[in-house]
Structures are given as structure tokens and as C-alpha cells.
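Below, each chain spelled out in residue letters.
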Amino acid sequence: MAKPILLYTSLCFLVLFINGCLAHRQWQQQQEFNQCQLDSLDALEPNSRIEAEAGVIESWDPNDKQFQCVGVAVVRRTIEPHGLLLPQYTNTPQLMYIERGYGIFGAVLPGCPNTYQESQEQQQGQDRRSQERDQDRDQHQKIRNFRKGDIIALPAGVTHWLYNDGQSEVVALSLLDINNQANQLDQNPRHFYLAGNPEDEFQQHGRSARGSRRHQQKQGQGRREGGRHGQQQGQGKNLFSGFRAEDLAEVFNVNGDTIRNLQGLQEDRSNIVRVKGRLQVARPPRSREERERLERQEREQEREDEREQRESRRGGHGHGLARPPRSREERERLERQEREQEREDEREQRESRRGGHGHGRYNGIEETLCTLRLRENIHDPSRADIYNPEAGRISTLNSLNLPVLRWLQLSAEFGRLHRDAIYAPHWNRNAHSVIYVLRGRAQVQVVDDFGQTVFDDELQQDQILTVPQNFAVVKRASSDGFEWVAFKTNDRAQISPLAGRTSVLRAIPADVLANAFQLSQEDVSELKVNMEQQGNTLLRPSRSSSQRRAIA
């Protein structure tokens with residue numbers, strides 16, 4: 001009799017626990033929804049800056065009501081030549097956009113084999129016996145290249161690092177999706193550094209006091225533990241600094257000096273450090289010709305951008321085929337890239353046949369997780385999804401062309417508008433949008449569900465504007481043109497345009513429009529015909545500025 005009663009009681013507690021968890025989750029969701037009761041939006045600029053040894057870190061306040069609404073945080077890092085962003089991971093998935101420069105990065109995927117192995121030439125200066133033993137060669141996971149215009153997708157909890165092996169600065173903008181289901185902590189963006197003595201990248205946004213108290217508590221605890229165990233915990237700010245040094249020494253079987261380095265006791269080693277000489281890692285060699293090619297690509301891209309701006313100021317690209325024009329240099333560059341990709345594919349196939357995936361043993365993971373592409377270039381004009389030679393172009397990146405985004409539930413958009421061009425009014429059907437201005441200026445309007453204009457202002461370079469889901473937005477470029485990248489909180493974000501050939505108005509029966517807007521059938525017919533003639537959602541204004549002022 002006792003067992004049925006015990007079972008019944010356990011089931012009751014389980015039901016109460018589940019109901020409590022669901023209620024808590026619903027309360028959390030309600031709190032998130034309440035964050036989007038916005039009467040106005042603002043163009044936001046970074047308001048925190050950290051000077052590191054080999055770079056600068058700038059962040060936007062994640063506690064701002066706009067970021068709270070869309071559930072993201074944003075940080076921008078500038079890495080100097082030979083600068084290394086120290087290994088770290090975050091509590092959220094993130095998308096990183098390379099605004100400028102090129103280099104290499106690593107992402108450590110748990111359970112995947114170390115497929116890159118150091119050559120004997122790279123072991124010069126080591127003991128000869130060590131060189132002769134294959135197992136003593138350095139092995140690590142795949143090293144990937146990045147360049148301007150790349151989107152890098154990083155899942156939550158995946159350790160990653162970046163290195164600038166170019167001759168100019170690397171600028172990388174990262175969006176952290178705090179509301180993503182992969183984040184089981186709180187609404188604070190967190191970077192867990194494995195090395196150095198890093199500063200909190202959001203330290204001026206309400207987290208510094210908490211971090212300072214925790215650091216003081218840790219130091220006090222370390223002194224107390226030191227009295228009992230004869231060994232003080234580290235006073236750095238990376239993951240290893242929180243463990244007792246004697247435990248780490250026993251785990252890694254190394255001396256105390258190495259442990260102190262692991263714990264980041266060097267006060268001058270912050271988030272971004274400078275590498276002496278060049279970083280020596282096992283990777284397919286980047287020849288001098290390849291480095292020169294990347295530098296040429298940057299210069300060509302700058303010239304192409306300047307050319308598009310000049311043509312934009314002159315009134316567009318003229319007539320002809322509706323596709324982004326390719327110069328002779330661009331065609332040659334694409335042909336070189338194809339040849340290099342073919343050589344890279346052949347090399348990887350040879351390594352695979354030789355057992356390059358860990359001595360021929362497979363664990364079943366490397367065929368899925370371990371071979372995921374984490375990088376895609378969104379800046380290339382030839383991959384534009386929407387193109388109007390007189391207005392500009394838009395490229396989208398989602399889980400269809402970068403499958404890892406399905407895991408992250410994120411996507412991105414790159415856009416460029418020529419002088420006075422318009423990105424027609426539209427709304428994001430299933431995602432929030434975070435717009436970051438790369439260059440130029442635009443007049444932007446955002447309208448909420450009450451028909452109120454919550455933003456009507458100029459958006460400029462380095463500013464961010466968040467557009468909540470279903471809020472309608474329109475962009476009109478200035479005389480300087482307008483270029484942006486937008487992060488969206490859905491792996492297949494979709495827009496619904498209000499103008500153009502695919503407008504929702506064109507899909508509604510004429511009589512419905514006539515009654516809804518109190519228009520005559522002739523007016524409705526003219527409206528639909530005009531939208532058909534407009535083409536896509538990138539529009540070149542047909543009215544002069546004086547006519548626009550007269551209408552206003």
C-alpha cells in the first residue's frame with residue numbers, strides 16, 4: 001500500500017514541477033514581449049570602449065530597450081596586424097560580419113577529430129627525437145580563412161579565436177542572440193575566455209559591479225583556500241583562474257609557472273594580444289601570391305565601391321542586362337578563385353584517402369557536425385538576390401545557402417542603395433532585424449502596429465537601428481548612397497513588401513482594395529499597373545526632390 005501512495009505523491013510533485021516550469025517559461029516570454037512596447041526607436045552608437053594590446057573592443061549597451069526587445073547584444077572588435085583575439089566562447093549563438101581585412105580563425109567543435117597536423121619543417125628547433133615521433137607533432141582542428149564581407153556563424157559554447165595575418169586592420173562586428181533557446185542562462189551576454197586576463201566587453205552596461213564583487217569574493221576565497229591547501233587560486237579573469245593551482249598542476253602534469261600562465265596572471269594580456277613574428281599553425285600555406293591577391297582584392301573592392309558611388313551620383317548604371325557588372329579584373333579574380341578552390345578540393349580528397357580524418361577511424365560525427373561550413377561571403381556582387389542597376393542590390397544569407405544557420409536560427413542581409421534610391425516599404429514577417437550601417441547615409445522610417453512613426457531620422461555610418469518583427473520600414477539613400485548589413489533572428493527570415501511587383505497589395509483583389517481604401521476602380525487599376533512596372537523592391541525615384549516636397 002505504501003508503494004502506490006509513494007508513486008502517487010511522486011507523480012503529483014512531478015506535475016506541480018512541470019506546471020511551475022511552464023508557468024515560469026510563460027512568465028519569461030511575457031516579460032520578453034513586454035520589452036517591445038516601444039513608443040520610439042533611436043539610432044544607437046557604441047558606448048563602451050576597451051583598449052587592448054593589439055586592438056580595440058567597442059560594444060553597444062545590451063540593456064537598451066531596443067536590444068532588450070529583439071533580444072540581442074552587439075560588439076565590434078578592431079584587430080591590428082598580427083593581433084590575436086584570444087580563445088573564447090559565448091553563452092549564445094553569434095554571427096560575425098567581417099567589415100574590413102582578412103585573416104584566419106579556428107572554431108573547436110566538440111567531438112571532432114584534429115585533422116590538421118604540423119609538418120616536420122614547422123618543428124625546427126625542437127628535439128630531434130620529438131621530430132621523429134609522429135604523435136608529438138602538433139595536431140588541431142581545421143583552420144579557416146576569412147576576408148572582407150564574410151559572415152562567420154558560431155554556435156553557443158563553441159570555442160573560437162581570430163588572427164589578423166594581413167597588413168591592415170580587421171574589423172569584425174558580432175551579434176549575440178541572447179533570446180536564442182541555446183542560451184539557458186540569463187539575458188546577459190557572456191564571453192568565457194580560456195586565456196589571458198580579459199576585460200568584460202560589456203563592463204560599462206551594469207555588469208561591472210557584479211563582476212567586481214565576484215572577483216573580490218574569488219580573491220578572498222583564494223586566500224582562505226591558500227591557507228588550508230598551501231596554494232592560492234589565480235587572480236586572473238579567464239576560466240582557469242577560478243581553479244586551485246595545485247589541482248590544475250595535477251590535472252595537466254605541468255609545473256607551477258605553466259599553471260600561472262594558464263590562469264592569466266599577466267596583467268597586461270587582455271582580450272586581444274600581439275603575436276611576436278607570425279602565428280605558426282598547421283594549415284594549407286598561404287603563399288606570398290595569395291596574400292598579394294587578397295590585398296589586390298581589397299584594393300579592387302575599394303575601387304569598385306568608389307566606381308559604384310560615382311555612377312550612383314551620376315544617376316545609376318544606365319540600361320542593359322539587369323545584373324551586377326563585372327570588370328575584367330573581377331572576372332580574372334573569379335577564375336583564379338575557381339582554380340584555387342579546385343586545387344583545395346583535390347588536396348582535401350587526397351588527405352581523406354590517406355586517412356586524414358584521424359588515422360582512418362570515424363565516429364560518425366565528422367560527417368555532419370565536423371564538416372559544417374561556418375563561413376560565407378555576402379559582399380560579392382555576383383551573388384546578389386535582388387538587383388536593380390539604377391537602384392542597388394541586396395544579398396541574403398540563410399539556412400538554404402549556409403546550413404549551419406538552421407542550427408543557430410539566424411540569417412543576414414547585405415544591401416547597397418545608390419544615390420536617392422529606395423528600398424520599398426516592407427516588414428520582416430518572422431524575425432527581428434538589426435541594421436548596422438557600413439557606409440553612407442539614409443533617411444529611414446519605421447511604423448508600428450498603431451500606424452505611428454516610431455523612427456523618422458537619418459541613419460549614418462557605424463550606427464545601429466533595431467526593427468522589431470512586423471514593424472514596417474522604408475529606406476531612402478542620401479546623395480552618398482547607403483550600405484548596410486542586417487542580422488535577423490530567424491534562419492529563413494522573410495519580408496512582405498508593400499510596393500513593387502511582389503507587393504501584398506497586388507495580391508489582393510481590386511474590389512477589396514477599392515472598398516478598403518475608398519478608391520475608384522480606375523485608381524486601383526493604376527495602382528496595380530504601376531507596381532507591376534516598378535519591378536522589384538529596389539526603386540529609383542521617378543519624382544524630383546521639388547515634387548516630393550510639394551507632396552509632403
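To be clear, the structure that these remarks concern was listed above.
The sections below set out a description of the structure shown in this document. Residues take numbers from 1 onward in each chain, read along the sequence in its written order. In view of the model being predicted, local features appear only for residues whose pLDDT reaches at least 70, and side-chain atom pairs are presented and counted only at 80 or more, with totals across whole chains, interfaces and linings using the full set of residues. The basis for every side-chain value is the complete set of heavy atoms in the structure, and neither hydrogens nor water enter the calculation.

## Focus on the nonpolar core
1) Next: Here, nonpolar core refers to any group of buried Ala, Val, Leu, Ile, Met, Phe, Trp, Tyr and Cys residues whose side-chain atoms link them within 4.5 Å. The buried label goes to any residue with under 20% of its type's maximum accessible area, the exposed label to any with over 50%, and the partly exposed label to all in between, with areas taken from a 1.4 Å probe on protein chains only. Counting 92 residues, the largest nonpolar core has Leu95 and Val446 as its most contacted members.
2) Next: What counts as a helix is a DSSP run of H or I of at least four residues, what counts as a strand is a run of E of at least two, and both are numbered from the N terminus. It is strand S20 (residues 433-447) that contributes the most residues to this core, eight residues altogether.
3) Next: A contact between two residues is defined here by any heavy atoms of the two lying within 4.5 Å. Here Leu95 is in contact with Ile151, Ile152, Ala153, Leu173, Ser174, Leu175, Leu405, Leu408, Leu410, Ser411, Ala412 and Phe487, once residues within four sequence places are set aside.

## Some words on the state of the cysteines
1) Next: The criterion for a disulfide is a pair of cysteine sulfur atoms lying within 2.5 Å. One pass over the full model with this rule turns up two disulfides.
2) Next: Paired by a disulfide, Cys36 and Cys69 hold their sulfur atoms 2.0 Å apart. Taking the sign of the S-S torsion, about 100° here, the bridge from Cys36 to Cys69 comes out right-handed. A residue pair is termed long-range when its members are at least 10 positions apart, and Cys36 in the loop between helix H1 (2-34) and strand S1 (48-52) and Cys69 in helix H2 (residues 65-70) qualify at 33 residues. The same class applies to Cys36 and to Cys69, which are both buried.
3) Next: For Cys112, the disulfide goes to Cys370, at an S-S distance of 1.9 Å. Judged by the sign of its S-S torsion, about -95°, the bond between Cys112 and Cys370 is left-handed. Pair noted here: Cys112 is in the loop between strand S6 (103-108) and strand S7 (116-117) and Cys370 is in the loop between helix H8 (328-353) and strand S15 (375-377), with a separation of 258 residues, a long-range link.
4) Next: On the accessibility criterion, Cys112 (11% relative accessible area) is buried.
5) Next: Taking the relative accessible area as the measure of exposure, Cys370 reaches 17% and is therefore buried.
6) Next: Each disulfide in the chain links cysteines that, numbered along the sequence, combine into the pattern 1-2, 3-4.

## As for the environment of Arg375
1) Next: With respect to the element layout, Arg375 can be found in strand S15.
2) Next: In this structure Arg375 comes out as partly exposed when scored by relative accessible area, which is 32%.
3) Next: It is 9.3 Å that separates the C-alpha atoms of Arg375 and Val404, two residues lying 29 residues apart in sequence.
4) Next: Every residue in contact with Arg375, bar those within four places of it in the chain, is listed here: Phe105, Asn145, Phe146, Asp150, Ile151, Ile152 and Leu402.
5) Next: At 2.8 Å, the side chain of Arg375 and the backbone oxygen of Asn145 are in polar contact.
6) Next: Polar contacts, as counted here, are pairs of nitrogen or oxygen atoms within 3.5 Å of one another; within protein the pair requires one atom able to donate a hydrogen and one able to accept it, and residues that are adjacent in sequence qualify only if both atoms are side-chain atoms. A polar side-chain atom of Arg375 sits 3.1 Å from a polar atom in the side chain of Asp150.

## Topic: the side chain of Ser496
1) Next: On the secondary structure map, Ser496 appears in strand S24 (residues 495-497).
2) Next: Given the relative accessible area of 13%, Ser496 is considered buried.
3) Next: Ignoring any residue separated from it by four or fewer positions in sequence, one finds Ser496 in contact with His426, Trp427, Arg429 and Val504.

## Looking at unusual backbone geometry
1) Next: In this structure, Asn253 takes a positive phi of about 60° despite not being glycine.
2) Next: In this fold, Asn253 is placed in the loop between helix H5 (245-252) and helix H6 (256-262).
3) Next: Since its relative accessible area comes to 70%, Asn253 is described here as exposed.
4) Next: Even without a glycine there, the phi angle at Gln518 is positive, about 55°.
5) Next: Its location among the elements puts Gln518 in the loop between helix H10 (510-517) and helix H11 (521-534).

## Digging into the packing of aromatic side chains
1) Next: Aromatic pairs are defined between Phe, Tyr and Trp rings, using the six-membered ring for Trp, whenever the two ring centres lie within 6.5 Å; interplanar angles under 30 degrees are classed as stacked, those over 60 as edge-to-face, and all others as tilted. Summed over all chains, the structure comprises six aromatic pairs.
2) Next: Here the aromatic rings of Trp60 and Tyr436 are separated by 6.3 Å at their centres, their planes lie at 90°, and the arrangement is edge-to-face. Of this pair, Trp60 sits in the loop between strand S2 (55-59) and H2 while Tyr436 sits in strand S20, placing them 376 residues apart in sequence.
3) Next: Residue class for Tyr436 comes out buried when judged on its relative accessible area of 0%.

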